[in-house]
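Chain by chain, the residues:
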Amino acid sequence: MNSSDDDYDAEREFDDVDEDSVEAKVWQLLLLINPGDEETALLQFNDYREAMADVDAEEVEPIEVIGRVIDWRSGFIVDAHDLRSLVQAVNELSSRWNLSVDWNGDPDDDEFFDDMDAAELFSIAYDRLAEFGYTLWAWETDGDTYAGWMTLTRDGEPLRELATALGINLRLGSEVS
């Protein structure tokens, strides 16, 4: 079986998924956080399905698995006190669309972080990305971490609907506190 057969099988298997199922909603979410990159969304969806096959779906929230399969590719989860990693994660996401965030200073300078907190960094990134038609989102995590992803700004309402349906407590990057 060659690579194109693998892609066909994955797509055919997905065609059998009920449109109202959790899997269908996860697929739609992955498409939104990978704008214009269906190939990455499909790879992440396959990773999601494989990970869910190993757990009891009743015992795990979809966002826990989604967070793992998108981490540092289409989203991030960073320690709440690791501001440098937060900047790196947002820069990594932004670079996928050839964007760069003006952080109002130099994040390579250790002093840059002296008077910063995660909420301020989220807010700066949110404002800068909005200028290019993108939105930085954050979702609530269990623990002392921050998590997020980016979408096209026009996809905000569908994303909110999917997040609600999947039990994800989502907010705009400008609303992080």
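Preceding block: the structure.
What this report covers is the structure whose coordinates are included nearby. (Residues numbered from 1 in each chain as written. Predicted model: local features only at pLDDT ≥ 70, side-chain atom pairs only at ≥ 80, totals over all residues. Heavy atoms only, no water.)

Concerning the overall build of the protein chain
Right, so step 1: Secondary structure summary: the protein chain contains seven helices and four strands in total.
Right, so step 2: Mapped from its N terminus to its C terminus, the protein chain presents α and β elements in the order α-α-α-α-β-α-α-β-β-α-β.
Right, so step 3: Buried residues in the protein chain amount to 48% of all 177 residues.
Right, so step 4: In the protein chain, the proportion of contacts linking residues at least 24 apart, taken out of those at least 6 apart, comes to 57%. (Helix = DSSP H or I, 4+ residues; strand = E, 2+ residues; numbered from the N terminus. Buried < 20%, exposed > 50% of the residue type's maximum accessible area, 1.4 Å probe, protein only. Contact = heavy atoms within 4.5 Å.)

Quick look at the pattern of salt bridges
Right, so step 1: For the structure on display, the rule yields four salt bridges.
Right, so step 2: A salt bridge links Arg73 to Asp47, with the shortest nitrogen-to-oxygen separation between them at 3.4 Å. Of this pair, Arg73 sits in the loop between α4 (62-70) and β1 (75-79) while Asp47 is found in helix α3 (residues 38-53), placing the two residues 26 residues apart along the sequence.
Right, so step 3: By relative accessible area, Arg73 is classed as partly exposed at 35%.
Right, so step 4: The partly exposed category is assigned to Asp47, whose relative accessible area is 29%. (Salt bridge = Lys/Arg side-chain N within 4 Å of Asp/Glu carboxyl O.)

Here we look at the layout of surface pockets
Right, so step 1: Estimates place the volume of the largest pocket at around 280 Å³.
Right, so step 2: The wall of the largest pocket is formed by 13 residues, among which Ile63, Glu64, Glu140, Thr141 and Asp142 lie closest to the centre.
Right, so step 3: With three residues, α4 is the single largest residue contributor to the lining of the largest pocket.
Right, so step 4: Here the lining of the largest pocket is built from residues that sort into four nonpolar, five polar and four charged. (1 Å grid on protein atoms, 1.4 Å probe; cavity = no way out; pocket = protein on both sides within 12 Å on 5 of 7 lines; lining within 4 Å. Points joined across faces, edges and corners; volume = space filled by probe spheres on them. Nonpolar A, V, L, I, M, F, W, Y, C, P; charged D, E, K, R; others polar.)

Observations regarding the sheet that holds strand β3 (residues 145-152)
Right, so step 1: In spatial order, the strands read β1-β3-β2-β4; together these four strands make up an open sheet with antiparallel pairing. Taken across any chain shown, the strands that pair with only one partner, and hence form the sheet edges, are β1 and β4 (170-172). Pairwise comparison of adjacent strand axes, ignoring direction, gives a mean angle of 30° for this sheet.
Right, so step 2: Where β1 lies against β3, five bridges are found, and the strand directions are antiparallel. Residue pairing for β3: Gly75 is matched across the bridge by Trp149.
Right, so step 3: Contacts from helix α5 (residues 83-95) reach β1, β2 (134-139) and β3, with the element oriented near 175° to β1. (Pairing = 2+ DSSP bridges. Axes fitted to C-alpha atoms, helices over the stretch in contact; angles between N-to-C directions.)

Let's talk about the packing of aromatic side chains
Right, so step 1: Enumeration over the complete set of coordinates arrives at six aromatic pairs.
Right, so step 2: When the centroid spacing of 5.5 Å and the interplanar angle of 65° are considered together, the rings of Trp27 and Phe45 count as edge-to-face. With Trp27 in helix α2 (residues 22-32) and Phe45 in helix α3, this pair connects stretches of sequence that are 18 residues apart. When sorted by exposure, Trp27 lands in the same class as Phe45, which is buried.
Right, so step 3: Here Phe122 and Tyr146 contribute two aromatic rings whose centre-to-centre distance is 5.8 Å and whose plane-to-plane angle is 50°, an arrangement assigned as tilted. (Phe/Tyr/Trp six-rings, centres within 6.5 Å; stacked < 30°, edge-to-face > 60°.)

Section: the nonpolar core
Right, so step 1: Counting residues in each nonpolar core, the largest one holds 30 residues, and the members touching the most others are Phe76, Val90, Trp103 and Leu121.
Right, so step 2: At the level of secondary structure, the elements contributing two or more residues to this core comprise β1, α5, α6 (118-130), β2 and β3.
Right, so step 3: For this core, the element with the highest residue contribution is α6, accounting for seven residues.
Right, so step 4: Formed by 29 residues, the second largest nonpolar core is a distinct cluster that contains Leu29, Val69, Ala147 and Trp149. (Core = buried A, V, L, I, M, F, W, Y, C linked by side-chain atoms within 4.5 Å.)

Re the packing of α3 against α4
Right, so step 1: With their axes 9 Å apart at the nearest point, α3 and α4 run at an angle of 130° to one another. Here α4 runs oblique to α3, going by the angle between their axes. Our pair here, α3 against α4, has a crossing hand that is right-handed. Listed contacts from α4 to Gln44, Asp47, Tyr48, Ala51 and Met52 of α3 are Pro62, Val65, Ile66, Val69 and Ile70. (Parallel < 35°, antiparallel > 145°, perpendicular 65-115°, else oblique. Left-handed = near helix turned anticlockwise from the far one by under 90°.)

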